[in-house]
Amino acid sequence: MELTIAEYHDALRAGCTTCARTVSDYLSRIALYNPTLGALITINPHALDDAQRKDREGLPHPLLPLHGVPVIVKDTYATACMPTTSGVRALRSLTTKVDALVVQRLLAAGAILLAKANLHEFSLEGVTLSSLGGQTLNPYDLTRTPGGSSGGTAAALAANLALVGCGGDTVNSMRSPASACSLAGLRPSKGRVEKTGIMPVTWTQDVAGPMARTVRDVRILFDVMKNPSEVPSSLPGPEPVSVSIPLPLKPSVADTNTNPIHKIGILIDYFPDESTPDGPVILQTITQALHLVASKTSNRIQFLPLPHQPTWDVARLRAEADTQAFEFRSAMDDFLQSSIVEYTPHRTLESVTASGEFCAEALTPAFWQTQQGQKESENENENEEEEEGNIYTPTSPQYRKRLSTIASLKDSVSACFDNLGLTAIVYPHQRQLVARVGETVQPGRNGILAALVGWPAVCIPAGFSPPDETAPLGVPIGIELMGRFGQDEQVLELGEVFEGIVHGRKTPLLEGVGGLCRDG
């Protein structure tokens, strides 16, 4: 059930299992549970053949990091053996000549591409509803969504339909489903993972990254996915921590004169208000996780509350800095017209829209605004100044203002880290529980800060809400750590420390789920 890469490789070495048996078992679970969960869009028809071929070839020495590991990828990753759709019915027949570069790296490291996961239409929201894959359900509560946009990958991993998976993150899209599905998900530093061959939303904010049931497996997958070039040595910050380093919430009085090796700032601004419906349970879960970490450690790492940061306000950043509406049309058109696309009935976003083959209720204002910007740009005189409202183009003053806001935000975050000597900051990923099925927007997410500054952030399980009739274990709640640019490995090591102390993950109870369908 909760198989890890290390355990799987040990079993292969001991002759306790084979690649083919493992893939076959996962395919059986997919056949049993995916009709209910709707986590996966396409199963790789060659997966079992690939596994059998690896068994015939025998175990390589040394063993490749992902040898025989069944991997799920979000259906934005180009795969030559399966269509690449972004969840959109109009693109169900889009095929590519080659795999995305990161998929090539996975395969070269020994992975077996098992399936492609459902996602929120065009990756534009956080409830994983698409015209091609329908509504994905949360394995912990079938009345709730799995977060998103990479919710199909998360639901599949949470339900043990594969060993590890890959997603994408524009604002919250890997950490949101990790939080909602009791997983670990890493948003890497911008530029650490190659995006070539992945359907985009923006140039400025998009990253691709790993998801798994443990931070250790996220690290293994990230080591394969990341660009081989070294991170610049000039990056600021202390050396990476050891997973054995203890983490107190507050130093004792006797320890106030000591100098902790690492400081973690508690971003109080991102904690929910107790007066909100889910505020108390989120606060209690995150606070208990932090105190549990503190109770198991000494003062070599210090937690400290951060001063109020008004320019980091999530709603303000969404309104004044998010670039989706300005970049989405151009970025998507670039992909649809790229040389890797072998066939598609639509070469522009405008053509997709004209087809009507999409889920309108799943689309955000950015989808319509980006095309409004195209039409207005085409109708304007080049010498005329753009009017207020005619803003959704990559050449508009409003777009340049957003880029300037992002630059100022980076300066502010860097100054905070430098002035306080921080290694990382910590906060709940969501201020409220994941949305219920039928809602088309997931509010209360805190992921935009890392998305705009391009710094690494990992979300790990912190615990669960109290059980209820539809959620027998409760609803998962995630805690997020954001570190300095380029220090992804350090953030993952801190994530392992938290994970090893909090033990926030539980396996979902799926008894009675198999064989059901999402229509009831």
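## Quick word on the packing of helix α4 (residues 101-108) against helix α7 (residues 215-225)
Any two packed helices are characterised by how steeply their axes cross, that is the angle between the axes, and by the distance between the axes. The contact between α4 and α7 brings their axes to 8 Å, and the two run at 115 degrees. In this structure, the crossing between α4 and α7 has a hand that is right-handed. Across the interface between the two elements, V102, R105 and L106 from α4 touch L221, V224 and M225 from α7. Its residues assigned to classes, the contact of α4 with α7 shows 5 nonpolar, no polar and 1 charged.

## A short note on the confidence of the model for the protein chain
Scored by pLDDT, the protein chain has a mean of 91; 89% of the residues are at 70 or more. Under a pLDDT of 50 for its full length, residues 231-257 has, in the predicted model, 62 contacts with residues more than four places off or in other chains.

## Section: the packing of aromatic side chains
Under the counting rule described, the total for this entry stands at 12 aromatic pairs. An aromatic cluster of three or more residues is present, and its members are F122, F328, F358, F367 and W368. Here K506 stacks its cationic end above the ring of F464, 4.9 Å away from the centre of that ring.

## Details of the nonpolar core
Soluble globular proteins tend to pack their nonpolar side chains together in the buried interior. L106, F122, W312, I425, L449, M482 and F498 are the most contacted members of the largest nonpolar core, which totals 144 residues. Not counting the four nearest positions on each side in its chain, L449 is found in contact with L267, Y270, W312, L317, L409, V413, I425 and M482. In this structure, F326, A366, I391 and Y399 belong to the second largest nonpolar core, which totals 6 residues.

Calculation criteria
Residues numbered from 1 in each chain as written. Predicted model: local features only at pLDDT ≥ 70, side-chain atom pairs only at ≥ 80, totals over all residues. Heavy atoms only, no water. Axes fitted to C-alpha atoms, helices over the stretch in contact; angles between N-to-C directions. Helix = DSSP H or I, 4+ residues; strand = E, 2+ residues; numbered from the N terminus. Left-handed = near helix turned anticlockwise from the far one by under 90°. Contact = heavy atoms within 4.5 Å. Nonpolar A, V, L, I, M, F, W, Y, C, P; charged D, E, K, R; others polar. pLDDT = per-residue confidence, 0-100. Phe/Tyr/Trp six-rings, centres within 6.5 Å; stacked < 30°, edge-to-face > 60°. Lys NZ or Arg CZ within 6 Å of the ring centre and 35° of its normal. Core = buried A, V, L, I, M, F, W, Y, C linked by side-chain atoms within 4.5 Å. Buried < 20%, exposed > 50% of the residue type's maximum accessible area, 1.4 Å probe, protein only.

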